[in-house]
Amino acid sequence: MNLADCSSHSATARLLHFGSPGAIYLRRFVGSLHVGRCGSNPTHVKTLRLRSNPPKTLTVTAAMASEAELAASAKIIDGKMVAKEIRDEITTEVSRMKDAIGVVPGLAVMLIGERKDSATYVRNKKKACESVGINSFEVRLPEDSAETEVLKFISDFNDDPAVHGILVQLPLPKHMNEQNILNAVSIEKDVDGFHPLNIGRLAMRGREPSFVPCTPKGCIELLHRYGFQIKGKKAVVIGRSNIVGMPAALLLQREDATVTIVHSRTQNPEQIVKEADIVISAVGQPDMVRGTWLKPGAVVIDVGINPVEVRRLPLRLVGDVCYEEARKVVSAITPVPGGVGPMTIAMLLSNTLSSAKRIHNFQ
């Protein structure tokens, strides 16, 4: 803790290192304490009112972990920071493209139904587009819309030269055939990367997909931007969904990692994960991956975003990986929230820009 006597005109500070026993000793030394906390970071400011004559106030900057714990803590892979860097780069490129050839990238987003979470995602994507100068086109249809109506909108967007990317927000209502709808999106505008031709090209050596699914692409981009080596490393992907797990495994293979997929039928998943240098988890199970599952020094990308309720407290978001346990074992980990989530939207914007450049042959 850094303590400064704020009652003095020339405040001095000295550094003390102690955990809970030290805090008890401090209380005995100064008497009753009034503690006020500012901010939510692990390192934050506290004010202590000392029982003395005259009363004094100490300003305390306190780290929640001890010095030994801090030394052992994992590096935080800050998805918010990296996503902002990418958005800034996209803003520059969108402006350059507009000035050079008069074209502004455009993204069309379709929302079918009234799911609140889907509506929130669509709203966030619209705001993200506006923040970087990309035009956004939004279609909202009721839950009971006919599949043919959705396909008609997709066809119109496929033919619209102002639209360079098309995104159909999932999940769709149960009466709709997801495969038919996603296949209807032009492969040249499939910025979500879910078209079977894009996935097929991703899986084949020597072939390049037009687009890579946004969340897995964001995971790999985080590893690149933080300088973590992938080539030759053992990587485990937990989960095999078409949206994250499967394409993430394909991307890691392209980076020359040795990849294993752990899924619901895998026997002894802890032992398999324990061997991994890189772990990408996307199963939607809160705190499933414990610290004991992880190899010391591993790098963890936690895609899970799981709302959990603790007693009567408000819902909070946690990942698939038990963060408090993992950060004492691994060398680096993404937080939840603030890790992979911001990267998904950043990659969507990146794919939309790439599509506009490709369509207009702009370098």
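Thresholds, definitions, all that
- Residues numbered from 1 in each chain as written.
- Predicted model: local features only at pLDDT ≥ 70, side-chain atom pairs only at ≥ 80, totals over all residues.
- Heavy atoms only, no water.
- Helix = DSSP H or I, 4+ residues; strand = E, 2+ residues; numbered from the N terminus.
- Buried < 20%, exposed > 50% of the residue type's maximum accessible area, 1.4 Å probe, protein only.
- Contact = heavy atoms within 4.5 Å.
- Areas by Shrake-Rupley, 256 points an atom, 1.4 Å probe, with all protein chains shown as cover.
- Salt bridge = Lys/Arg side-chain N within 4 Å of Asp/Glu carboxyl O.
- Pairing = 2+ DSSP bridges.
- Axes fitted to C-alpha atoms, helices over the stretch in contact; angles between N-to-C directions.
- Polar contact = N/O pair within 3.5 Å; in protein donor to acceptor, adjacent residues only side chain to side chain.
- pLDDT = per-residue confidence, 0-100.

(A) Seen up close, the overall build of the protein. When its secondary structure is counted, the protein shows twelve helices and 16 strands. Looking at the protein residue by residue over its 363 residues, the buried ones come to 44%. In the protein, the share of contacts with a sequence separation of at least 24, taken over all contacts with a separation of at least 6, comes to 64%. In the structure as shown, the protein presents an accessible area of about 19500 Å², 52% of it carried by carbon and sulfur atoms.

(B) Focus on the pattern of salt bridges. Tallying each qualifying case throughout the model produces 14 salt bridges. We note a salt bridge from Lys357 to Glu93, for which the minimum N-O separation is 2.5 Å. Within this pair, whereas Lys357 is found in helix H12 (residues 340–359), its partner Glu93 is found in helix H3 (residues 79–101), the two being separated by 264 residues in sequence. Its salt-bridge partner being Lys152, residue Asp156 comes within 2.9 Å of it at the nearest N-O pair. With Asp156 and Lys152 both in helix H5 (residues 147–159) and four residues apart, this pair spans about one turn of that helix. Taking relative accessible area as the criterion, Asp156 reaches 39% and is therefore assigned partly exposed. Each of the salt bridges in this network shares a partner with another, and the network as a whole consists of Glu85, Glu89, Glu221 and Arg225.

(C) Unusual backbone geometry, seen in detail. Here the residue pair Leu170 and Pro171 is connected by a cis peptide bond, since its omega of 0 degrees sits within 30 degrees of zero. Here the residue pair Val336 and Pro337 is connected by a cis peptide bond, since its omega of -5 degrees sits within 30 degrees of zero. Mapping Pro337 onto the fold places it in the loop between strand E16 (332–333) and H12. Of note, Asp256 is a non-glycine position whose phi angle comes to about 70 degrees, a positive value. Note that Asp256 resides in the loop between helix H9 (245–254) and strand E11 (258–262). Phi is positive for Asn268, close to 55 degrees, though the residue is something other than glycine. Its location among the elements puts Asn268 in the loop between E11 and helix H10 (269–274).

(D) Highlighting the sheet that holds strand E8 (residues 135–141). In spatial order, the strands read E8-E7-E9; together these three strands make up an open sheet with parallel pairing. The strands lining the two open edges of the sheet, one partner per strand, are E8 and strand E9 (165–168). The average angle at which neighbouring strand axes cross in this sheet is 15 degrees, direction not considered. Across seven bridges, strand E7 (residues 106–112) lies against E8 in parallel orientation. Residue pairing for E8: Gly106 is matched across the bridge by Asn135. The strands touched by helix H4 (residues 116–132) are E7, E8 and E9; relative to E8, the strand with the most contacts, the crossing angle is about 160 degrees.

(E) Up close: the sheet that holds E11. With respect to topology, six strands assemble into an open sheet ordered E6-E16-E13-E12-E10-E11, the strand pairing being parallel. A single partner strand is all that each edge strand has here, and the edge strands are strand E6 (75–76) and E11. H9 contacts strand E10 (234–238), E11 and strand E12 (278–281) of the sheet and is inclined by roughly 170 degrees relative to E10.

(F) Geometry of the side chain of His195. Examined against the element boundaries, His195 turns out to sit in the loop between helix H6 (178–184) and helix H7 (196–203). Looking at His195, its side chain comes within polar contact range of the main-chain nitrogen of Leu197, at 3.0 Å. Not counting the four nearest positions on each side in its chain, His195 is found in contact with Leu182, Asn183, Val185, Ile187 and Asp190.

(G) Structural view of the confidence of the model for the protein. Looking at the protein as a whole, its pLDDT mean stands at 85, while 80% of the residues score no less than 70. The model gives residues 1–52 a pLDDT under 50, and that stretch makes 88 contacts with residues more than four places away or in other chains. Across residues 56–71, where pLDDT falls below 50, the model places 49 contacts with residues more than four positions away in sequence or in other chains.

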